[in-house]
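One letter stands for each residue in the lines below.
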Amino acid sequence: MDKRSDFSAYLDGEVPEALRGRFESAWAGKAEFESFRKSREHLSALLQKAPEPDFESRREAVFLRIEQTIREKQIMVRPKNWLSSRVRVVWAAAAVFAALIGGIFMGRLLQTLEGPNANNEEVITFQLPEGFELTTSGNPEFIQVTNYRRRP
Amino acid sequence: MILRVPGCLTLLVLGSILAAQEEVPYRLKVSARLEALQPAVSSETDQWEEGAEKVLVEGTPIRFRLERQDLSIAFRITPFPQNGRFLMIIQVDARRRSEEGRFVGLMSTVQTITMEPEVPVLFYPFGKSDQGRSLALELHVLSP
């Protein structure tokens, strides 16, 4: 115990300069004193450490900061996202294009169903009069009428 | 999003109108009639004339038939527009019904002819009636 109190006095700088050399040679390489020295240093470090943070005040500070951020977000203009706006433009253009193509398709469909050539596939049938004889000789064929005059 | 729906509907209607504004097509007029070989022979009782019009669509055949109980003449005209004129591929198939009720082929021809708008084309010689009249079959491309 005396040794420890001497050692403690030595560490506290209370040993006179003339005796310091003797103390050091007596304690050199002894684990007991080394361990004691380390414990003291650790205790000293704990005592000199900054106090534990104030959680309550920190929480208030955090809430204040968040509140400020929310307020700013509410009144600030939303920053433009260049990529997303471009994607929207592309989508809008695609929708317009699709509507136009759909319209043209529908128009064509309506024209086909109700237009002038809707019944073009239908076979026209004329009833020939009686007493008529077909000329099978002389290779009948279509010929262009020259010097054509429109009938009155 | 609310504004996009009427916008797209407007475009749909606009596209339909644009598609409907297609150029008026050429038409083919087919007319068949009895013509007097001599004007003096003509009378009101033996008048006969038939006619029809069809739209000319490239590569789409126009078909018509002249029918009687014992006779059937089928025409198939396929138009191909060429610089304001029409190359017509015309197939003619004439058949007569035999006494047994079966059709017997009389004539079958394929012909190509270039037709100009407003210039008629006649099928000749076609035939004649026993009352001194000839049957005229005329094709006519009508301009839009």
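As shown above, the structure is provided for reference.
Parameters and conventions
- Residues numbered from 1 in each chain as written.
- Chains lettered and ligands numbered in written order.
- Predicted model: local features only at pLDDT ≥ 70, side-chain atom pairs only at ≥ 80, totals over all residues.
- Helix = DSSP H or I, 4+ residues; strand = E, 2+ residues; numbered from the N terminus.
- Contact = placed C-beta atoms within 7 Å.
- Nonpolar A, V, L, I, M, F, W, Y, C, P; charged D, E, K, R; others polar.
- Pairing = 2+ DSSP bridges.

## Brief notes about the overall build of chain B
Moving on, step 1. Counting its secondary structure elements, chain B contains 1 helix and 9 strands.
Moving on, step 2. In chain B, the succession of α and β elements from N to C terminus is α-β-β-β-β-β-β-β-β-β.
Moving on, step 3. In chain B, the share of contacts with a sequence separation of at least 24, taken over all contacts with a separation of at least 6, comes to 46%.

## Things to note about the interface of chain A and chain B
It is common to give the size of an interface as the accessible area that goes away when the parts come together.
Moving on, step 1. Residue-level contacts link 36 residues of chain A with 54 residues of chain B.
Moving on, step 2. Among the secondary structure elements, those contributing two or more residues to the side of chain A that touches chain B are α5 (82-114), β1 (124-127), β2 (132-134) and β3 (141-144) of chain A.
Moving on, step 3. The element best represented in the side of chain A that touches chain B is α5 of chain A, accounting for 12 residues.
Moving on, step 4. Split by residue class, the side of chain A that touches chain B holds 20 nonpolar, 13 polar and 3 charged.
Moving on, step 5. Strand direction decides the pairing type here: β3 of chain A and strand β7 (residues 121-124) of chain B, joined by 4 bridges, are antiparallel. Looking at β7 of chain B, one finds that E141 of chain A is bridged to Y124 of chain B.

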